[in-house]
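What the coordinates show
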Amino acid sequence: GAGTICGIANMFPQLIRRLFDGAGAPDGDRALATVQRFIDVAYDYPLMSAFKALQAHLAGNEAWTTVRAPLVQLPPEDRAAMIDRLRRAGVTA
């Protein structure tokens, strides 16, 4: 990822490290599948609001949900659904 800004790497650095270290090996393939499951869920929501809601969940800090206009926070019911879907997909606890 030279030169990339990777939101997934900011939230799940260990996962991206496994992806990098395991390239072409079974662990890398499992990491890639996890990244794909994350993308499949997260992209069903407004991207920046979804990333910030997930970061708030991971950090246990609601301040992360703050967005600036014209963006709006992910509604609580969408946030709960996204976190549940990510949990069921094995992406986060």
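Everything below is about the structure printed above this text.
Attention in this report is confined to the structure presented alongside it. (Residues numbered from 1 in each chain as written. Predicted model: local features only at pLDDT ≥ 70, side-chain atom pairs only at ≥ 80, totals over all residues. Heavy atoms only, no water.)

**Structural notes on the packing of aromatic side chains**
Selection criterion: Each pair of aromatic rings taken from Phe, Tyr and Trp, with Trp reduced to its six-membered ring, is defined by centres within 6.5 Å and is described as stacked if the planes are under 30 degrees apart, edge-to-face if over 60, and tilted in the remaining cases. By definition, any uninterrupted DSSP run of H or I lasting at least four residues is a helix, any uninterrupted run of E lasting at least two residues is a strand, and each is numbered from the N terminus. A 1.4 Å probe rolled over the protein chains alone gives each residue an accessible area, and that area as a share of the maximum for its type sets the label: buried under 20%, exposed over 50%, partly exposed in between.
As enumerated under the stated definition, the model contains one aromatic pair in all. Centroid distance Phe 38 to Phe 51: 5.6 Å. Interplanar angle 75°. Geometry classified as edge-to-face. Of this pair, Phe 38 sits in helix α3 (residues 26-42) while Phe 51 sits in helix α4 (residues 47-59), and the two are 13 residues apart along the sequence. Given a relative accessible area of 1%, Phe 38 falls into the buried group. On the accessibility criterion, Phe 51 (16% relative accessible area) is buried.

**What about the packing of α4 against helix α5 (residues 76-88)?**
Two packed helices can be described by the angle between their axes and the distance between those axes. As a reminder, the rule being used: Here the axes come from fitting lines to C-alpha atoms, over the contacting stretch only for helices, and the angles between their N-to-C directions go from 0 to 180 degrees. Our angle categories are set so that under 35 degrees counts as roughly parallel, over 145 as roughly antiparallel, 65 to 115 as roughly perpendicular, and the remainder as oblique. Contacts are assigned to residue pairs with any non-hydrogen atoms lying within 4.5 Å of each other. Three classes are used, and their members are as follows: Ala, Val, Leu, Ile, Met, Phe, Trp, Tyr, Cys and Pro are nonpolar, Asp, Glu, Lys and Arg are charged, and the others, Gly among them, are polar.
Closest axis-to-axis distance for the α4/α5 pair is 10 Å, and the angle between their directions is 70°. Looking at the two axes, α4 sits roughly perpendicular to α5. Of the residues in α5, those touching α4 at Ala 50, Ala 53, Leu 54, Ala 56 and His 57 are Arg 79, Met 82, Ile 83, Leu 86 and Arg 87. Along the lines of polarity and charge, the residues of the contact of α4 with α5 split into seven nonpolar, one polar and two charged.

**Quick word on the pattern of salt bridges**
Spelled out, the test is: Basic side-chain nitrogens of Lys or Arg form a salt bridge, by our definition, when they fall within 4 Å of a carboxyl oxygen of Asp or Glu.
Counted by the stated rule, this structure contains four salt bridges. The residue Arg 79 makes a salt bridge to Glu 62 at a minimum N-O spacing of 2.7 Å. With Arg 79 in helix α5 and Glu 62 in the loop between α4 and α5, the pair connects residues that are 17 residues apart, well separated along the chain.

**A look at the side chain of Lys 52**
As for its position among the elements, Lys 52 is in helix α4. Contacts of Lys 52, omitting those with residues within four sequence positions, involve Trp 64, Thr 65, Thr 66 and Val 67.

**A word on the packing of α3 against α5**
Stated precisely, the cut-off is as follows: Take the far helix as your reference; a near helix turned counterclockwise from it by less than a right angle gives a left-handed crossing, and one turned clockwise gives a right-handed crossing.
Packing of α3 against α5 leaves a shortest axis separation of 10 Å and a crossing angle of 160°. Here α3 lies roughly antiparallel to α5, going by the angle between them. As for the relative orientation of α3 and α5, their crossing is right-handed in sense. Residues Phe 38, Asp 40 and Val 41 of α3 touch α5, and the partners they reach there are Met 82, Arg 85 and Leu 86. Tallied by class, residues from the contact of α3 with α5 come to four nonpolar, no polar and two charged.

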